[in-house]
Amino acid sequence: MTEFWLISAPGEKTCQQTWDKMMTATTRNNNLSSNHKFSIPDLKVGTLDVLVGLSDELAKLDSFVESVVKKVAQYMADVLEDSRDKVQENLLANGVDLVTYITRFQWDMAKYPIKQSLKNISEIISKQITQIDNDLKTRASAYNNLKGNLQNLERKNAGSLLTRSLADIVKKEDFVLDSEYLITLLAVVPKTSYADWQKTYETLAEMVVPRSSNLLFEDNDSGLFSVTLFRKAIDDFKHKARENKFSVRDFQYNEEEMKADKEEMTRLSTDKKKQFGPLVRWLKVNFSEAFIAWIHIKALRVFVESVLRYGLPVNFQAMLLQPNRKTTKKLREVLNELYKHLDSSAAAILDSAMDIPGLNLSQQEYYPYVYYKIDCNLLEFKL
């Protein structure tokens, strides 16, 4: 289970005592979760008014940064296409997997200097992630256009003989070219009707050149036949061919156009390969940056909320819990019992919620202790 609960509780005589109590309640007796201390440095507190306003701003910033982290991760999966099973090995933070990064979290003093005010640090993160979001939109748009154009060309070169490009099938010698009177048409004939075609094509219109039909290509269902006739008989021939369930393709042999199509496909394919490597590298780097920023936002929120709830001087222990999948409800009850003295109104609401089936408080998720969830399931699909 890659869900973590980031919580805090006020220091008892020491913060170590707070940690020991929580460990005893959640692991030594009943193994409800795997726990780690979550290290938050001594940040600048500022005034109460600023903290209250910042609490709301950080909540919005948390949602925004999480959405960008998920967008980058999802786009990585889209770009990797058939290799999307390799997504997880590319989704790293500071070169380590996400669980390792979270459980060994250390504040990045260089990126987010703690001498700055809390508001300044949140603005640094906001600007950084907005830039990543904008860059992602630009890069994704360019790559998607390229990929879309290539897919359109590939689709033209695949599929049914009724619709696919014929450029890689026909040759110059299959056609009568530069004739004032004669023209070569191409008809798609179902395999079950080959015999009918051979019997009837010369009589579908006047002025069809005898024995001029050749099978040029076939797929699983149909064959592509050439037939030469006088230009004045084209409409007549097409009409009669339709009546006999033969489909005449609207095709004119143009060497320059076909060459241009092939060159365009080669160019797009080469461009896609050229862009793929740098794009994946950019996604890896910026996923890491965004994820690191997101966990710093969580740390800021814990700090601000702990000061607002538990007061000054700053004295709380931040703790990271990884719940065991089958015991999340029990873990919640144990934490509620352990910390209900911190906020009796929240504890009472939780007690009543546990007694009333169907009452869902998860939207506000307010508990007697500071609590934030970190969900590392960042992709919409399961690998």
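Residues numbered from 1 in each chain as written. Predicted model: local features only at pLDDT ≥ 70, side-chain atom pairs only at ≥ 80, totals over all residues. Heavy atoms only, no water.

In the nomenclature of an unreviewed UniProt entry, the protein chain corresponds to V-type proton ATPase subunit C from the organism Hippocampus comes. For the protein chain, the Sequence similarities (unreviewed entry) comment in UniProt is given as "Belongs to the V-ATPase C subunit family." (UniProt positions renumbered as here; feature names shortened; annotations may be inferred.)

Enquirer: Can you tell me about the nonpolar core, naming the residues and giving the values?
Expert: Nonpolar side chains in soluble globular proteins tend to be buried together. Ranked by internal contacts, the top residues of the largest apolar core, which has 82 residues, are Ile125 and Phe291. In terms of residue count, helix α8 (residues 255-310) provides more of this core than any other element does, 19 residues in total. The contact partners of isoleucine 125, leaving out residues within four places of it in the chain, are Leu61, Val65, Tyr112, Ala293, His296, Ile297 and Leu300. Val189, Trp197, Ile234 and Phe246 belong to the second largest nonpolar core, which has 18 residues in total. (Core = buried A, V, L, I, M, F, W, Y, C linked by side-chain atoms within 4.5 Å. Buried < 20%, exposed > 50% of the residue type's maximum accessible area, 1.4 Å probe, protein only. Helix = DSSP H or I, 4+ residues; strand = E, 2+ residues; numbered from the N terminus. Contact = heavy atoms within 4.5 Å.)

Enquirer: Tell me about the pairing of strand β4 (residues 214-218), and please be specific about residues and values.
Expert: Pairing of β4 with strand β5 (residues 222-230) involves 4 bridges; the strand directions are antiparallel. Paired with leucine 215 across the two strands is phenylalanine 225, which belongs to β5. Between β4 and β5, which pair antiparallel in sequence order, lie 3 residues. (Pairing = 2+ DSSP bridges.)

Enquirer: Talk me through the packing of helix α2 (residues 48-80) against helix α5 (residues 118-156); I want residue IDs and the actual numbers.
Expert: Between α2 and α5, the shortest axis-to-axis distance is 10 Å and the interhelical angle comes to 25 degrees. In this view, α2 runs roughly parallel relative to α5, as classed from their interaxial angle. The handedness of the crossing between α2 and α5 is left-handed. Class assignment for the residues of the contact of α2 with α5 results in 17 nonpolar, 4 polar and 7 charged. (Axes fitted to C-alpha atoms, helices over the stretch in contact; angles between N-to-C directions. Parallel < 35°, antiparallel > 145°, perpendicular 65-115°, else oblique. Left-handed = near helix turned anticlockwise from the far one by under 90°. Nonpolar A, V, L, I, M, F, W, Y, C, P; charged D, E, K, R; others polar.)

Enquirer: Can you lay out unusual backbone geometry for me, pointing to particular residues and giving the numbers?
Expert: The peptide bond linking leucine 312 to proline 313 adopts the cis configuration, its omega dihedral lying at -5 degrees. Positionally, proline 313 belongs in the loop between α8 and β7 (316-323). Positive phi is not limited to glycine here, since asparagine 31 has a value of about 50 degrees. When you line up the elements, asparagine 31 lands in the loop between α1 (15-28) and β2 (33-37). Note on asparagine 31: relative accessible area 51%, which makes it exposed. A positive phi angle, near 65 degrees, is found at lysine 245, a position not held by glycine.

Enquirer: Run through a negative patch on the surface, naming residues and quoting values.
Expert: On the surface, a cluster of negative charge is contributed by Glu255, Glu256, Glu257 and Asp261. Topologically, glutamate 255 is positioned in helix α8. On the basis of relative accessibility, which here comes to 44%, the residue glutamate 255 falls in the partly exposed class. (Patch = residues over 30% accessible without salt bridge, like charges linked within 9 Å, V, L, I, M, F, W, Y side chains within 5 Å. Areas by Shrake-Rupley, 256 points an atom, 1.4 Å probe, with all protein chains shown as cover. Salt bridge = Lys/Arg side-chain N within 4 Å of Asp/Glu carboxyl O. Lys, Arg positive; Asp, Glu negative; His and termini not counted. Charge placed at Lys NZ, Arg CZ, Asp CG, Glu CD.)

Enquirer: Any details on α2? Residues and values, ideally.
Expert: The first and last C-alpha atoms of α2 sit 47 Å apart over 33 residues, in line with the 48 Å expected at 1.5 Å per residue. Within two residues after α2, glutamate 81 carries a phi angle of roughly 50 degrees, on the positive side. (Expected span 1.5 Å × (residues − 1).)

Enquirer: An account of the sheet that holds strand β1 (residues 3-10) is requested, with residue identities and associated values reported.
Expert: Sheet architecture is open: 4 strands sit in the order β2-β7-β1-β8, paired in antiparallel fashion. What marks the edges here is a single partner per strand, and that holds for β2 and β8 (370-375). Across the sheet, the axes of successive neighbouring strands diverge by a mean angle of 25 degrees, strand direction being ignored. Bridging between β2 and β7 involves 5 bridges; their strand directions are antiparallel. The residue of β7 that forms the bridge with lysine 37 is methionine 319. Contacts between α8 and the sheet are confined to β1, β7 and β8, with β8 contributing the most and set at about 170 degrees to the helix.

Enquirer: Any chance you could break down the pattern of salt bridges for me, citing the residues and the numbers?
Expert: For the structure on display, the rule yields 17 salt bridges. In this structure, glutamate 57 engages lysine 119 in a salt bridge whose closest nitrogen and oxygen atoms are separated by 2.9 Å. Linking glutamate 57 in helix α2 with lysine 119 in helix α5, this pair joins segments that are 62 residues apart in sequence. Judged by relative accessible area, which is 32%, lysine 119 ranks as partly exposed. Notably, a salt bridge pairs glutamate 337 with lysine 340, separated by 3.3 Å at the nearest N-O pair. Take glutamate 337: its relative accessible area is 52%, and that puts it in the exposed class. Three or more residues joined by partner-sharing salt bridges are found here, namely Glu57, Lys119 and Glu123.

Enquirer: Just give me the short version of the packing of aromatic side chains, but keep the residues and values in it.
Expert: Applying the stated rule across the entire model yields 18 aromatic pairs. Taking the centre distance of 5.6 Å and the plane angle of 55 degrees together, the rings of tyrosine 339 and tyrosine 369 count as tilted. With a gap of 30 residues between them, tyrosine 339 in helix α9 (residues 328-339) and tyrosine 369 in the loop between α10 (344-355) and β8 connect regions that are remote in the sequence. A relative accessible area of 0% means that tyrosine 369 is categorised as buried. Grouped by ring-pair contacts, the aromatic residues Phe38, Tyr101, Phe105, Phe287, Phe291 and Trp294 constitute a single cluster. Above the face of the tyrosine 371 ring, arginine 332 is positioned so that its terminal group lies 4.2 Å from the ring centre. (Phe/Tyr/Trp six-rings, centres within 6.5 Å; stacked < 30°, edge-to-face > 60°. Lys NZ or Arg CZ within 6 Å of the ring centre and 35° of its normal.)

Enquirer: Can you break down α8 residue by residue, with the values?
Expert: Taking 1.5 Å of rise per residue, the 56 residues of α8 would be expected to cover 82 Å, and the 79 Å separating its terminal C-alpha atoms lies within 8% of that figure. At phenylalanine 276, α8 is deflected by roughly 30 degrees, the largest bend along its length, and proline proline 278 occurs up to four residues later in sequence. Where α8 begins, one side-chain oxygen reaches toward the backbone nitrogen of glutamate 256, 3.1 Å away; that side chain belongs to asparagine 254. One or two residues past the end of α8 sits glycine 311, with phi positive at roughly 80 degrees. (Bend = angle between axes of the 7 residues up to and from the residue. Polar contact = N/O pair within 3.5 Å; in protein donor to acceptor, adjacent residues only side chain to side chain.)

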